Amino acid sequence: MKSLSKLGFVYTIIAIILFFLCWTSCQTEPYKQGRKLYELHCQNCHQKDGNALMALIPPLAGSDYLIEHQEDLPCNIRHGMKHPIIVNGMPYEGEMPANKILTETQIANVINYINNAWGNKGPYVSYEDVLERLEKCKK
Amino acid sequence: MKKILICISLILIYFACAEPEKPLIPLGNVDYVERTENGQTLIDTVYHTVPDFSFLNQDGKTITQADFENKVYVSDFFFTHCPTICPTVKAQMLRIYNTYKGDDRFLMVSHTIDPVRDSVAVLKKYATKLQIETDKWYLLTGNKAELYETAHQHFVPAAEDKDAPGGFTHGGHIVLVDTKKRVRTYCDGTDPKDVDRLIKDIKRLMNEEFK
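For clarity, every value in this text was computed on a predicted model and none was experimentally measured.

About the criteria used
- Here the residue numbers are simple positions, counted from 1 along each chain's written sequence.
- Chain labels run from A onward and ligand labels from 1 onward, assigned in the order the entries are written.
- Thresholds applied to this predicted model are a pLDDT of at least 70 for local features of residues and 80 or more for the giving and counting of side-chain atom pairs; totals over whole chains, interfaces and linings are not thresholded and use all residues.
- Side-chain descriptors were evaluated using all non-hydrogen atoms of the structure, hydrogens and water having been removed beforehand.
- Pairing of aromatic rings covers Phe, Tyr and Trp, the last counted by its six-membered ring, and requires centre-to-centre distances within 6.5 Å; plane angles under 30 degrees mean stacked, over 60 mean edge-to-face, and any other angle means tilted.
- Helix and strand assignments follow DSSP, with helices taken as H or I runs no shorter than four residues and strands as E runs no shorter than two, numbered in order from the N terminus.
- Each residue is assigned to one of three classes by its accessible area relative to the maximum for its type, calculated with a 1.4 Å probe on protein chains only: buried under 20%, partly exposed between the two thresholds, exposed over 50%.
- A pair of cysteine sulfur atoms is labelled a disulfide when the two atoms are within 2.5 Å.
- Polar contacts here mean pairs of N or O atoms no more than 3.5 Å apart (in protein, one a potential hydrogen donor and the other a potential acceptor; neighbouring residues in sequence count only if both atoms are side-chain atoms).
- Note on contacts: a residue pair is in contact if any heavy atoms of the two residues lie within 4.5 Å.
- By buried area we mean how much accessible surface two parts lose on assembly, using a 1.4 Å probe and totalling the loss over both.
- Here, a salt bridge means any Lys or Arg side-chain nitrogen found within 4 Å of an Asp or Glu carboxyl oxygen.
- Only Asp, Glu, Lys and Arg are considered charged in this grouping, and only Ala, Val, Leu, Ile, Met, Phe, Trp, Tyr, Cys and Pro are considered nonpolar; every other residue, Gly among them, is considered polar.

Our focus in this paragraph is the packing of aromatic side chains. All names here are of chain B. Enumeration over the complete set of coordinates arrives at 11 aromatic pairs over all chains. Ring centres of F68 and Y138 lie 5.8 Å apart, and the angle between their planes is 85°; on these two criteria the pair is classed as edge-to-face. Here F68 is found in the loop between strand 4 (62-64) and strand 5 (72-78), whereas its partner Y138 is found in strand 7 (residues 137-140), with 70 residues between them in sequence. Considered together, F68 and Y138 belong to a single accessibility category, that of buried residues. Joined through ring pairs, the aromatic side chains of F53, F55, F68, Y73 and Y138 make up one cluster.

Structure (structure tokens):
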């Protein structure tokens, strides 16, 4: 009887640990793949904190352009940008390179990460949204 | 007695494991040159130095080694159309700039490796957008071969490469040079922790050079 209760205690501890591990892994990072893709394909220019580089490269953190141009983001990511834009009142005219190797799913993951990182509160974007928005820039 | 021994060994282990600050020994080949003075043969240690150069800065002014007299400086190599590591290195260079821009003994210099596109006017625009002062941070352009040679003299790889993104391949190093034009240390300009270390090394070098 005594050994049984001891065993029960061990199981309870393991259950608590497992629950804690699952809970933290679900809670802390909803867009993990998006973050990894961001680090690989975007961070060199837009930087880890999303603040980019002075007046040379536009910020993503707290960017009005990002929120107002959700419809254009998939095309901007896939084909890059050549036209000047205004972000938070500042003009930016540098060229953004294309990211042809990102799939539609990956583009959705990156946008969802950017939309929610650094205090941003952008909408959720689905794979279908990305497919639809990419129709505009099909060549 | 036993307790004392344990204490001593713990202290020893601590000092053995604590990372000591590495001395900033000049990098590169070392020559030993004999000379005679008052009938005595002396041996001088000669370190690698960055040879003189002549480039134009973002204001179109000619910059040579003379402009670095009595200055400690950091140097990097980039190009304005660089789609890869350059913005990250520039963001880290900005941290160094903001730490030491008030210090007259310190200068910063970034050389383009794409002088065909990066004219004085292009560099001027870049500097304005980076919001840096010309007399604190030179952006240099000039003869392509001389720029590449200067990179190599700073031990930074730089080359044209059609297959590389943007058409050039180069290292993201930030190199620290002393008042005698000797390369004293460098860091990986894409690694903020390594840049933290360089920021400390700059201060150490200035303390050593301007006693």
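Looking now at the state of the cysteines. Following the criterion strictly, the structure yields two disulfides over all chains and no others. One disulfide in the model links C75 of chain A with C137 of chain A; its S-S distance is 2.0 Å. Across the disulfide from C75 of chain A to C137 of chain A, rotation about the S-S bond amounts to roughly -90°, and the bridge is consequently left-handed. Highlighted residues: C75 of chain A in helix 5 (residues 73-79) and C137 of chain A in the segment after helix 7 (127-134), separated in sequence by 62 residues. For the pair formed by C75 of chain A and C137 of chain A, the shared burial category is buried. With a sulfur-sulfur separation of 2.2 Å, C82 of chain B is cross-linked through a disulfide to C86 of chain B. Here the disulfide of C82 of chain B and C86 of chain B is right-handed, its torsion about the S-S bond being about 85°. C86 of chain B gets classed as buried once you look at its relative accessible area, which sits at 3%. Considering cysteine sulfurs only, C45 of chain A is the nearest to C42 of chain A, which forms no disulfide, with 9.1 Å between them. Between C187 of chain B, a free cysteine, and C86 of chain B, which holds the nearest cysteine sulfur, the sulfur-to-sulfur gap is 14 Å.

Residues and elements named next belong to chain B. With respect to the helices, strands and loops of the structure, Q58 is situated in the loop between strand 3 (54-56) and strand 4. At a separation of 2.9 Å, a polar atom in the side chain of Q58 contacts the main-chain carbonyl oxygen of W137. A polar contact of 2.8 Å, which involves the side chain of Q58, links it to the backbone nitrogen of L139. If we ignore the near neighbours within four places in the chain, the residues touching Q58 are V120, L123, K124, A127, I132, T134, W137, Y138 and L139.

With that settled, consider the interface of chain A and chain B. Between chain A and chain B, the residue contacts involve 11 residues of the former and 13 residues of the latter. Buried surface at the junction of chain A and chain B, summed over both partners, amounts to about 1100 Å²; 63% is from carbon and sulfur atoms. The largest contributions to the chain A side of the interface with chain B come from N44, M54 and L56 of chain A, which together make up 44% of the buried area. When the shortest N-O distance is used, the salt bridge between K129 of chain B and E93 of chain A registers 3.4 Å. In this structure, the connection of chain A to chain B is made through five residue pairs in polar contact (both at pLDDT 80 or more). A class-by-class count of the residues in the side of chain A that touches chain B yields seven nonpolar, three polar and one charged.

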